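# Structure at a glance
Here are the chains, one letter per residue:
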Amino acid sequence: MPEQGRKSDGEFDSKITDEDVLAVLEAAETPVLTTSLVAEELPVTSKAVYYRLRRLHEEGRVGQMKVGARGVVWWVAGTSE
């Protein structure tokens, strides 16, 4: 069974767009957000948001930094780097 936010072939479904994710980051009151905080604003799981954020990072559209053993924070590229 595919996870929420992805089709069985691994592609993202249309529940959220890259622009939805970027809008959450841009509207944040803090300079960075965790995956969970982004997911709280969208109708998909944290795992689905993580995959989209990771792809946006690979495209250079968001920055990321590991914090602690497992934590990652994200921001819109060019705003906090």
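Here, the structure is the one placed above.
The following refers to the structure shown. Computed from a predicted model, the values in this text were never measured in an experiment.

Conventions used here
- Residues numbered from 1 in each chain as written.
- Predicted model: local features only at pLDDT ≥ 70, side-chain atom pairs only at ≥ 80, totals over all residues.
- Heavy atoms only, no water.
- Salt bridge = Lys/Arg side-chain N within 4 Å of Asp/Glu carboxyl O.
- Helix = DSSP H or I, 4+ residues; strand = E, 2+ residues; numbered from the N terminus.
- Buried < 20%, exposed > 50% of the residue type's maximum accessible area, 1.4 Å probe, protein only.
- Pairing = 2+ DSSP bridges.
- Contact = heavy atoms within 4.5 Å.
- Axes fitted to C-alpha atoms, helices over the stretch in contact; angles between N-to-C directions.

A complete count under the given rule lists six salt bridges for this structure. The salt bridge partner of R55 is D18, with a shortest N-O separation of 2.9 Å. Linking R55 in helix α3 (residues 46-58) with D18 in helix α1 (residues 18-27), this pair joins segments that are 37 residues apart in sequence. Residue class for R55 comes out partly exposed when judged on its relative accessible area of 26%. Classification of D18 as buried rests on a relative accessible area of 11%. Ionic contacts of the salt-bridge type, sharing partners, join the residues D18, E19, R52, R55, E59 and R61 into one network.

The subject of this paragraph is the sheet that holds strand β2 (residues 62-67). If you walk across this open sheet you meet the three strands as β1-β3-β2, and the pairing is antiparallel. The open sheet terminates on both sides in strands that have one partner only, identified here as β1 (33-34) and β2. In this structure, β1 lies alongside strand β3 (residues 71-76), joined through two bridges in antiparallel fashion. Each bridged residue has a counterpart across the sheet, and for T34 the counterpart in β3 is V73. The sheet contacts of α1 involve β1, β2 and β3, and relative to β3 the element is tilted by about 90°. Strands β2 and β3 of the sheet are contacted by α3, whose axis makes an angle of about 115° with β2.

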